[in-house]
Amino acid sequence: MQQYLIAIALIMSGGILALITRKNRSVSTIAGAGSAIFGSLIAIFPVIKVLFYGNSFAVFTLNMPLGEATIGLDVVSAFFAVPVLVLVPLAAIFSGAVSRHEKHSADGYWFFFNTLAAAMLLLLVAANAIIFLLAWEIMSVAAFFLITHRDEIATARSAGWKFFVASHIGTAALMILFALLGASSGSLEFAQFATAHLTEELSSIAFFLALFGFGVKVGLLPLHVWMPDSYTFADAPVSAVLSGAMSKMGFYGLLRILMLLPAPAASWGWVLVVGGLLTGIYAMIAALAQSDLKKVIAYSSMENAGIICMAIGCSVMAMCWKQPVIAGAAMVGALLHILNHAICKGLLFFGSGAVYWGTGTRKLEMMGGLARRMPFTAVCFALASAAIAGLPPFNGFISEFIIFVAGLQTATLKNPQALLLATIILGGLALIGGLAVATFARTFGLVFLGAPRHDKKREIYEVTPLVRVPFIILIVLMGLITVASPWLLKPLLAVAGALMTSQAGFSAADLQGNLLQQPVIMVVQLSLALLILVILGWQIRRRLFSRGDRSDRLTWDCGYAEPDARMQYTSSSFSQTIVDIFSVIVRPYRHGEKVSGLFPRHASYRSDAPDSLLRYLFLPLFGLIDRALLPLRALQHGRLHLYIGYVAITLLILLLWKVVVI
Amino acid sequence: MISPLSVAICLVMILLSPLLLGVINKTKAFFGGRQGPPLLQLYFDLGKLLGKTSVYSETTTVVTRIAPFAILFSTLAAALLVPVAFRNAGLSFAGDVILLAYLLGIGRFFMVLAALDTGSAFEGMGASREVLYSALAEPAFFCGLLVLINETSQIGLSSIYARLTTDFWWQNPATLLLLSTSWMIILLVENARIPIDDPNTHLELTMIHEVMILDYSGKDLALIEFAGAVKLAIFSSLLVGLIFGCQAQSLPLQLIIFAAGMLLVSIVIGIIESTIARLRLLHVPKFIVGSGALAIIALILKLAGN
């Protein structure tokens with residue numbers, strides 16, 4: 001535990017040092033990145049100890065001015081610390097390595113980066129509502145400054161603003177939630193919350209407040225509007241940390257609150273499952289309509305959040321129906337998916353950073369054929385794409401497989417509701433998975449394959465050796481998780497068990513992890529055998545049976561002898577068939593005049609798909625609120641003495657209230 | 001669980017799978033009043049292609065070279081997971097059906113990437129259609145599967161099929177009819193047959209599967225064509241196992257009934273291809289979603305029966 005706190009202090013002090021030395025880029029980078037890497041390495045030890053050896057339940061009590069506050073590292077916190085401790089140092093390496101070629105001033109970059117990292121680590125050990133909210137706010141504010149790092153770009157500012165508003169609306173819900181829990185338990189300690197005997201209505205209200213508050217960070221359907229823009233306009237390593245680690249804090253909060261509330265109600269599970277399903281489908285369709293590489297990846301984060309939500313919902317339902325095996329499998333699947341998503345998303349965002357760095361654009365329509373110029377990035381991106389689309393033999397498939405198995409087991413129950421749940425989970429996951437394959441085949445295919453669409457005069461740069469380090473580490477981790485997944489089930493089951501013992505009364509033994517282990521071993525063996533066979537077959541063919549093959553011919557275009565890169569299928573034409581079917585949801589808009597005559601001189605076509613919920617729900621809604629609150633602007637005039645008057649009047653009213661009412 | 005005998009039967013099925021296409025073509029020739037190509041035509045084609053060299057487009061990368069192996073081996077691995085001849089599959093475990101679906105997904109992923117790798121507008125078109133139709137077909141397949149899981153309380157494909165008795169189908173003929181129709185449609189979609197796609201046409205604008213492999217030649221094309229035949233065998237054997245819930249205990253009898261079933265499925269595909277025209281592309285998604293709707297009706301019937 002001390003080690004963990006030392007790591008937080010180290011990261012934070014490195015950030016402050018970087019702020020002081022911000023004028024000197026290399027010193028500030030070494031201070032910021034160095035402390036983030038070193039701090040994470042220190043913190044990983046206590047985390048591994050808790051996760052794999054269990055029971056080292058160290059609790060620290062701080063004596064604060066307004067009462068005691070507890071911090072403690074349990075298995076659940078330790079599990080969620082893993083994505084943070086993996087992505088923060090790797091993002092620091094990536095950022096540090098590219099910063100030498102950076103023209104933009106570093107300013108507070110490292111300060112906010114390290115603050116974000118430290119705040120996430122502090123959040124995870126907070127066992128007190130005040131510390132939790134404090135860490136939550138610091139995390140959000142640091143993230144805001146990182147998103148708006150390139151504040152000379154108007155879109156980056158507006159993206160940051162959206163994040164700021166969304167995240168504070170979410171925090172407001174969390175404040176109400178903790179006030180509610182605090183009022184009914186008489187303390188702000190998490191341990192006391194668990195002993196509060198909430199009525200059924202109150203606990204439902206608490207759950208939905210938590211779902212709303214944490215749902216903003218996770219990116220659940222209507223609350224995701226900040227996500228695509230923020231991930232797009234933040235720097236690539238920051239996007240990786242935001243998507244892989246920070247947004248997972250939302251799941252941490254949700255699960256933590258679930259642990260503290262009494263036994264869950266079936267309605268919670270339904271909301272999670274249906275919400276997750278809609279989130280996943282919406283996100284994938286929106287992703288297919290995007291023409292910006294990072295927006296596609298951002299929407300895929302939302303899709304994975306949907307999958308994880310569905311799995312958690314399935315687990316909650318199974319808890320209600322007293323089905324420990326299903327509850328355990330679904331929860332283990334959700335947890336493993338959180339881990340896998342963090343790793344794949346790290347790779348994808350780093351890859352998008354490398355592509356942006358190499359080509360100077362994020363527009364899919366301007367890319368193509370990059371695999372020849374950037375072979376390393378292409379291989380990394382391909383592996384990450386296959387993994388995040390849930391294809392075997394990669395880690396993403398293992399977690400989806402476990403969630404699917406939970407769904408299949410649900411279908412064996414002779415209960416109409418269970419069959420409905422299984423239909424939603426299996427049908428939904430299959431649809432989302434199919435669309436994910438479409439999205440990532442499109443993204444990888446259009447960026448790295450085919451003929452180059454970009455400006456021929458521009459040099460394309462491959463990443464430097466130092467930048468390759470985080471990619472390689474993430475790929476090794478991907479391989480490790482895949483191969484070791486049968487053994488990872490044990491610690492994951494321990495986490496799932498910790499989440500369930502208090503409300504459902506399931507012990508870790510009830511979850512029967514061994515039922516899961518055997519199929520997972522089979523899946524891993526078969527898919528690894530497949531991988532080896534494919535590589536072997538390809539190499540044998542290449543070395544022994546390739547005599548006479550030639551690769552200097554044009555692509556077959558029905559005999560057309562002068563193919564041009566502009567004749568290729570573009571990203572918007574690739575997804576048009578799918579987007580057209582779901583155009584009610586995505587509502588793309590298209591510009592361009594009709595081509596007429598035999599030899600048209602000029603023709604242009606442009607299509608875009610801004611987030612339809614932002615456009616049709618939130619902008620009108622906030623416009624309405626804006627107009628309603630316009631008269632209040634009179635209060636904001638800039639005269640200091642009147643502001644002091646407001647404070648005095650408020651205090652007077654509060655005093656009167658205290659005397660008269662209470 | 002690994003069952004050596006089933007692995008052997010599965011290998012035989014894989015080796016004989018090109019015959020299914022021969023049967024389909026013979027049926028179509030019969031309806032067209034022609035003699036038709038010989039039953040073994042695909043073997044001749046494969047032999048000829050294997051002897052030829054390949055020509056690659058200069059735009060292609062290593063993806064095009066790996067893809068045929070990824071497509072073939074993932075399909076072969078999927079075949080190992082399918083119950084054959086009313087016995088357990090070569091490899092069976094809880095949740096194997098998910099792996100089956102995703103192994104076919106790998107093949108599709110590589111096929112699409114290889115199509116995009118050539119930078120051809122035609123192949124991009126085919127790839128775009130393929131990903132859409134398969135994304136719609138997969139949920140429909142799983143909905144049908146749920147009926148069987150709920151009926152048998154098993155989650156492994158082999159154990160589900162082992163419990164599908166003829167008695168059950170006599171009691172629920174409607175469910176059988178709905179499910180087999182739904183899976184028949186999925187078979188047609190996944191194997192790019194009429195009315196979704198036309199394996200014979202060379203009008204690139206209307207094709208899906210054929211257009212994606214337009215740039216493949218020689219040995220690579222042979223591998224892909226063979227994988228296509230195996231995929232057809234996989235879906236046919238799923239359908240045969242569903243319809244003929246066989247109680248026969250002796251191996252020869254099982255094999256005979258299974259072979260007859262496979263033959264029947266091929267003939268039915270041939271009849272469908274001879275009597276129905278290709279759908280307009282706009283109507284294909286409706287057709288696939290229709291198969292999902294049939295499976296959901298079967299689910300509702302199951303619920304009402306519970």
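Refer to the preceding data block for the structure.
The rules behind each value
- Residues numbered from 1 in each chain as written.
- Chains lettered and ligands numbered in written order.
- Predicted model: local features only at pLDDT ≥ 70, side-chain atom pairs only at ≥ 80, totals over all residues.
- Heavy atoms only, no water.
- Helix = DSSP H or I, 4+ residues; strand = E, 2+ residues; numbered from the N terminus.
- Rg over C-alpha atoms; globule rule 2.2 N^0.38 Å.
- Buried < 20%, exposed > 50% of the residue type's maximum accessible area, 1.4 Å probe, protein only.
- Areas by Shrake-Rupley, 256 points an atom, 1.4 Å probe, with all protein chains shown as cover.
- Lys, Arg positive; Asp, Glu negative; His and termini not counted.
- Charge placed at Lys NZ, Arg CZ, Asp CG, Glu CD.
- Axes fitted to C-alpha atoms, helices over the stretch in contact; angles between N-to-C directions.
- Parallel < 35°, antiparallel > 145°, perpendicular 65-115°, else oblique.
- Contact = heavy atoms within 4.5 Å.
- Nonpolar A, V, L, I, M, F, W, Y, C, P; charged D, E, K, R; others polar.
- Patch = residues over 30% accessible without salt bridge, like charges linked within 9 Å, V, L, I, M, F, W, Y side chains within 5 Å.
- Salt bridge = Lys/Arg side-chain N within 4 Å of Asp/Glu carboxyl O.
- Polar contact = N/O pair within 3.5 Å; in protein donor to acceptor, adjacent residues only side chain to side chain.
- Expected span 1.5 Å × (residues − 1).
- Bend = angle between axes of the 7 residues up to and from the residue.
- Phe/Tyr/Trp six-rings, centres within 6.5 Å; stacked < 30°, edge-to-face > 60°.
- Lys NZ or Arg CZ within 6 Å of the ring centre and 35° of its normal.

Engineer: Residue-level account of the overall build of chain B, with values.
Structural biologist: Each helix and strand in chain B was counted, giving 12 helices and 1 strand. Helices and strands in chain B line up, N terminus first, as α-α-β-α-α-α-α-α-α-α-α-α-α. For 306 residues, the compact-globule estimate of 2.2 N^0.38 gives 19 Å, and chain B sits close to it at 19 Å. By the burial criterion, 63% of the 306 residues in chain B qualify as buried. Surface summary for chain B: the accessible area is close to 10,800 Å², and the carbon and sulfur share equals 70%. One way to put it: in chain B the 17 positive side-chain charges average out to a point 5 Å from where the 18 negative ones average out.

Engineer: Requested: an account of the packing of helix H15 (residues 375-388) of chain A against helix H17 (residues 416-448) of chain A, with residues and values cited.
Structural biologist: Residues and elements named next belong to chain A. Two elements in contact, H15 and H17, have axes separated by 9 Å at closest approach and are oriented at 170 degrees. Relative to H17, the element H15 lies roughly antiparallel. Facing Thr-377, Ala-378, Phe-381, Ala-382, Ser-385 and Ile-388 of H15, the residues of H17 in contact are Phe-440, Thr-443, Phe-444 and Phe-448. Here the residues of the contact of H15 with H17 sort into 7 nonpolar, 3 polar and no charged.

Engineer: Describe the environment of Gln-35 of chain B, listing the residues and the values that go with them.
Structural biologist: All names here are of chain B. Within the secondary structure, Gln-35 is located in the loop between helix H1 (4-32) and helix H2 (41-50). We classify Gln-35 as exposed; its relative accessible area is 69%. Each C-alpha atom of the pair Gln-35 and Leu-221 lies 26 Å from the other, and the pair is 186 residues apart in sequence. Those residues in contact with Gln-35, other than ones at most four positions away along the chain, are Lys-26 and Ala-29.

Engineer: Quick one: what's the story with a nonpolar patch on the surface, residue by residue and with numbers?
Structural biologist: Residues and elements named next belong to chain A. On the surface, Val-647, Leu-651, Leu-652, Leu-654, Leu-655, Leu-656, Trp-657, Val-659, Val-660 and Val-661 cluster together into a nonpolar patch covering about 1,100 Å² of accessible area. Along the chain, Leu-654 falls in helix H23 (residues 640-660). Residue Leu-654 is classed as partly exposed on the basis of its relative accessible area of 47%.

Engineer: Can you lay out the interface of chain B and chain A for me, pointing to particular residues and giving the numbers?
Structural biologist: Where interface size is quoted, it is often the accessible area lost as the parts come together. With 70 residues of chain B at the interface, the matching set in chain A holds 72 residues. Joining chain B to chain A, the criterion identifies 1 salt bridge. A salt bridge links Arg-541 of chain A to Asp-220 of chain B, with the shortest nitrogen-to-oxygen separation between them at 3.1 Å. Summed over the shared surface of chain B and chain A, the number is 20 residue pairs in polar contact (both at pLDDT 80 or more). When residues of the side of chain B that touches chain A are traced back to their parent elements, those giving at least two are strand E1 (55-57), helix H3 (62-80), helix H4 (96-117), helix H5 (121-152), helix H10 (218-243) and helix H12 (284-305) of chain B. Counting residues per element, the side of chain B that touches chain A draws most heavily on H5 of chain B, which supplies 19 residues. Within the side of chain B that touches chain A, the residues separate by chemical class into 43 nonpolar, 18 polar and 9 charged.

Engineer: Give me helix H3 (residues 75-99) of chain A: which residues, what numbers.
Structural biologist: The end-to-end C-alpha separation of H3 of chain A is 36 Å, in line with the 36 Å expected for 25 residues at 1.5 Å each. In the structure, H3 of chain A departs most strongly from a straight axis at Ala-81 of chain A, where the bend amounts to approximately 25 degrees and where the proline Pro-83 of chain A lies between one and four residues downstream.

Engineer: Run through H4 of chain B, naming residues and quoting values.
Structural biologist: Along an α-helix, residues three or four positions apart point the same way, because every turn accommodates 3.6 residues. The first and last C-alpha atoms of H4 of chain B sit 31 Å apart over 22 residues, in line with the 32 Å expected at 1.5 Å per residue. One or two residues past the end of H4 of chain B sits Gly-119 of chain B, with phi positive at roughly 70 degrees.

Engineer: Describe the packing of aromatic side chains, naming the residues involved and giving the relevant values.
Structural biologist: For the structure on display, the rule yields 42 aromatic pairs over all chains. With 6.1 Å between their ring centres and 90 degrees between their planes, Phe-132 of chain A and Phe-214 of chain A make a pair best called edge-to-face. With a gap of 82 residues between them, Phe-132 of chain A in helix H5 (residues 129-147) and Phe-214 of chain A in helix H8 (residues 200-218) connect regions that are remote in the sequence. Exposure class is identical for Phe-132 of chain A and Phe-214 of chain A. Each is buried. On the basis of an interplanar angle of 70 degrees and a centroid distance of 5.2 Å, the ring pair of Phe-144 of chain A and Phe-145 of chain A is categorised as edge-to-face. For Phe-144 of chain A, a relative accessible area of 15% translates into the label buried. A relative accessible area of 36% places Phe-145 of chain A in the partly exposed class. Through pairs of rings, three or more aromatic residues link up here, namely Phe-397, Phe-401 and Phe-404 of chain A together with Phe-93, Tyr-102, Phe-141, Phe-142 and Trp-183 of chain B. Looking at Arg-542 of chain A, its charged tip hangs above the ring of Trp-538 of chain A, at a distance of 5.9 Å from the centre. One residue, Arg-65 of chain B, lies across the ring of Tyr-56 of chain B, its end atom 4.0 Å from the ring centre.

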